[in-house]
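# Observations on the model geometry
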Amino acid sequence: MNEFVQEIQARFEVLWSNPQRPDLMQIGVRQVNALPLLTWLKSNTGYFILNHFSAVDWIEDGEFQLTYLLTDYAARRSLMVCVRIDRAAPTAESVHHLWPEAVTYEQEMFEMFGISFPGSPRQGVDLLLEGWEDIPPMRRDFDTAAFAEEAFGFRPGRTHTNPRDRVAIAFGQKGFLHDH
Amino acid sequence: MSLKNALAPFGIWARALARPYTIPVEDIMRAPADRYRGWHTNDAEACIGCGSCSDICQNAAIDMVVNRDATKGDTGLRPMVDYGRCCWCALCVDVCPSGSLGLSSEYTWVDKDPEVFRYVPGVDKKPWDDDTKGWHGGEWDLINHDRVPMSMLPGETRGQTWAEVVLGYSEEEAQREAARCLECGICTAACPAHMHIPEYIGAIRDGNYEQAVNLIYETNPMPEMCGKVCTRRCEDVCAHAKQGEPVAIRWLKRFATERFDDLREVIKADVAPIGVGKRVAVIGGGPSGITVAYYLAIRGFEVNLYEALPTLGGATFFGIPKYRFPMPSLEKQVDMLRGAGVKLHVNSPVDAALFEELRSTHDAVFIGAGLMRGKAMRVEGEDAPGVVNALTFLLEHHLRNNTDSDKVSKEPVVLPGMKVAVVGGGNTAIDAARVSLRLGASEVVISYRRRKEDMPADWEEIEDAEHENIQIDVQAIPLRIEQTPDGRLDLIWGPAEMVADKPGARPKPVLVEGVENHLVVDRIIGAIGQGPNLRWLSPEAQGTIADKWGWIKVNEDGMTGMPGVFAGGDLVNETADAISAIADGLRVVQGIPRWLGLQ
């Protein structure tokens, strides 16, 4: 698949490539090149199926990564196109005109990550999270544990013992720099 | 109601004998996928109750509940899952350090009572407990099994220098290693002093080094020593040790204390001065004596510490070589004693008369005199010139090199070019071997009765010795020592066969009769253990506080059979390591005020 990466490189700038498996290649491209590349792949190569489309929250880098998984069924291999976008203003060009099924993915990413795809038909229509008011829940700064704590009650009779406390009490742990 | 409506319910009887429309569930029920994530399973005997599953659960579905007594290596807690909150994500399985937790492939279970959907897997028996399908982890883990490697001097060349072998972690390495800690606290049970291990590791991870050393000083007045040479029982039981490498607890403690050149301004004690006006004499400046002296001094006691040698430290001074625990590290901790106001009397051996005087002039006396008698090998010919005891060898070496003592000869026993045999398998044997190498010995052989895995020495010490090209002969029983005509020594040994002993005990070596091997060397160092020597006390005092072999028995306050006389350290405990001596000291730090009615 390395020759194919070189073929892409001849047309679009490939930032990095990573052959994950013999039948799966990962490449990174700039956001400005994403739509032209995807259009070219769909029109001119065997990779015309959008198998999966999702996002990753790279909160440390201040970026989201959009991952387009394209599959060449005839050759039985896949290409993962990774595009980093700004996390502070997360907007990307919609690909629903290339693949109608992208509408649902884009609807989901709007809901779960807050990434908007202007022009995509069902942007902002609730998919799973009816009446959601918090930050999008797949963002890593969303505190899942705190949400679960608040949203769901605890069954009565639950007790939890901290392992550290149990050991400290069982073995009589003390401190000698301070009076207790 | 019309007649038609009234009769309608009976219409169903028209189909009473027809084939049902519905399909029995058994007919369509398919086996779940092999890795389907269903109800939990847990090997309750392999589980250590660390609570990592409970910590990682994003739905707060897992409680740790009391199931059995806490032991060294097991908190006695087991996870209880509330299936009203579980989402079967299996993060709990992927983070489980013991590998005991799993998800079976079974997922159907119907019951009218909602309470049954909260149970302790593996303890509350379920039909799917032995299901090998489902998700049992192992393909990837959420925890990092590998410790951050420690930089060391290269093995080929370090045998020619006394420089410290272990170089210590950088700040980045220490924080990375500290971040591996799961904070379960299982380690604190195994530590004889029950140090606040997860707490100080957490402080190191967060870069709060002052807080870390203060937490360390809560229970340990010699942390730089422990950070370098501790027997680290804590690491044996670390949750990570189940499937990977334990957190480098010892090296992290070392890192924290080495951040500070002088700890006197850093350690902030806040204790009531309950001991003002009371006097305590401490006999022996080893780890137990230093512990008693430091923690009583900061409580206002007037403490007089008597040490026979020119330097404090006890076995950590005269036994442990300086390439492991350098003198500046020791002096830093002695400075803490001075800072606390302890009056240090070095070169001051205590005899029977002084002991009685100390008893009459002090409110309490502590004996931490250690094991100062090296055990004999009990083989014929061991009194030949050139055969020495490891204790004497190391003591003289350290006095010669690190003090101005005039009580030792200027010339070491081991001279450059000599071939040396060390008999024994403990840390002392390794120390004697590595010191011999650094004195210039051309060849050093350790000869041990059992197998390498039976050696009581720290595995890292054994590896370090091997890296320095020290040869280890195992299953070798010394038979006798003969002098060769050219003035050398012939260590004659027979091979041992390992025979199973009672369950739980190490297999014992049994001599294979009729075979004699020869190891011709210039020096033989016997390192097969140490024993008590209380001859400096009067026979009456010995009889009151010790058994006939010289081991001292104490009560739960650390007090001997003689009122007001306390004891600790190697004379009292069986483990004979520094951290156990410190733990003994801590017991006496509570015991003396209690005896004096100060609490």
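Below is a short write-up of the structure. (Residues numbered from 1 in each chain as written. Chains lettered and ligands numbered in written order. Predicted model: local features only at pLDDT ≥ 70, side-chain atom pairs only at ≥ 80, totals over all residues. Heavy atoms only, no water.)

## What about a positive patch on the surface?
On the surface, a cluster of positive charge is made up of R373, K375, R378 and R535 of chain B. Inspection of the secondary structure assignment puts R373 of chain B in strand β10 (residues 373-374). (Patch = residues over 30% accessible without salt bridge, like charges linked within 9 Å, V, L, I, M, F, W, Y side chains within 5 Å. Areas by Shrake-Rupley, 256 points an atom, 1.4 Å probe, with all protein chains shown as cover. Salt bridge = Lys/Arg side-chain N within 4 Å of Asp/Glu carboxyl O. Lys, Arg positive; Asp, Glu negative; His and termini not counted. Charge placed at Lys NZ, Arg CZ, Asp CG, Glu CD. Helix = DSSP H or I, 4+ residues; strand = E, 2+ residues; numbered from the N terminus.)

## Overview of the sheet that holds strand β3 (residues 77-82) of chain B
Residue and element names in this part refer to chain B. Pairing within the open sheet is antiparallel, and its three strands lie in the order β2-β3-β5. With partners counted over all chains shown, the strands left at the sheet margins are β2 (62-66) and β5 (118-119), one partner each. Pairing of β2 with β3, which is carried by five bridges, proceeds in the antiparallel orientation. Paired with V66 across the bridge in β3 is L77. (Pairing = 2+ DSSP bridges.)

## Looking at the packing of helix α18 (residues 427-438) of chain B against helix α19 (residues 459-467) of chain B
Working note: a packed helix pair is described by the angle between its axes plus the distance between those axes. All names here are of chain B. Viewed as axis vectors pointing N to C, α18 and α19 meet at an angle of 25°, and their least axial separation amounts to 10 Å. When the interaxial angle is binned, α18 and α19 end up roughly parallel. Of the two elements, α18 crosses α19, and the hand of that crossing is left-handed. In this structure, α18 contributes N427, I430, D431 and R434 to the contact, and α19 contributes E461, I462, D464 and A465. (Axes fitted to C-alpha atoms, helices over the stretch in contact; angles between N-to-C directions. Parallel < 35°, antiparallel > 145°, perpendicular 65-115°, else oblique. Left-handed = near helix turned anticlockwise from the far one by under 90°. Contact = heavy atoms within 4.5 Å.)

## Focus: a nonpolar patch on the surface
There is a patch of nonpolar side chains on the surface, built from I23, V25, I28, M29, Y36 and Y107 of chain B and spanning about 580 Å² of accessible area. Its place among the elements puts V25 of chain B in helix α2 (residues 25-28).

## Some remarks on the environment of P114 of chain B
Residues and elements named next belong to chain B. Along the chain, the position of P114 falls in the loop between β4 (101-103) and β5. The exposure class of P114 is partly exposed, given its relative accessible area of 41%. With 54 residues separating them along the chain, P114 and G168 place their C-alpha atoms 55 Å apart. (Buried < 20%, exposed > 50% of the residue type's maximum accessible area, 1.4 Å probe, protein only.)

## Quick notes on the sheet that holds strand β8 (residues 343-345) of chain B
All names here are of chain B. Taken in spatial order, the five strands line up as β8-β7-β6-β9-β21 in an open sheet, and their pairing is parallel. Only two strands of the sheet have a single neighbouring strand rather than two, namely β8 and β21 (565-567). On average, each strand axis in the sheet is inclined to that of its neighbour by 20°, with strand direction left out of account. Strand direction decides the pairing type here: strand β6 (residues 279-283) and strand β7 (residues 302-306), joined by five bridges, are parallel. Its bridge partner being in β7, V280 is matched across the sheet by V303. Along the sheet, helix α13 (residues 287-297) contacts β6, β7 and β9 (364-367); its crossing angle with β7, the most-contacted strand, is approximately 165°.

## Some remarks on unusual backbone geometry
Residue and element names in this part refer to chain B. Phi at H194 takes a positive value of approximately 50°, unusual for a residue other than glycine. Of note in the backbone geometry, Q475 takes a positive phi value of approximately 50° without being a glycine. For Q475, the location among the structural elements is in the loop between β14 (471-473) and β15 (476-483). What makes Q475 partly exposed here is its relative accessible area of 24%.

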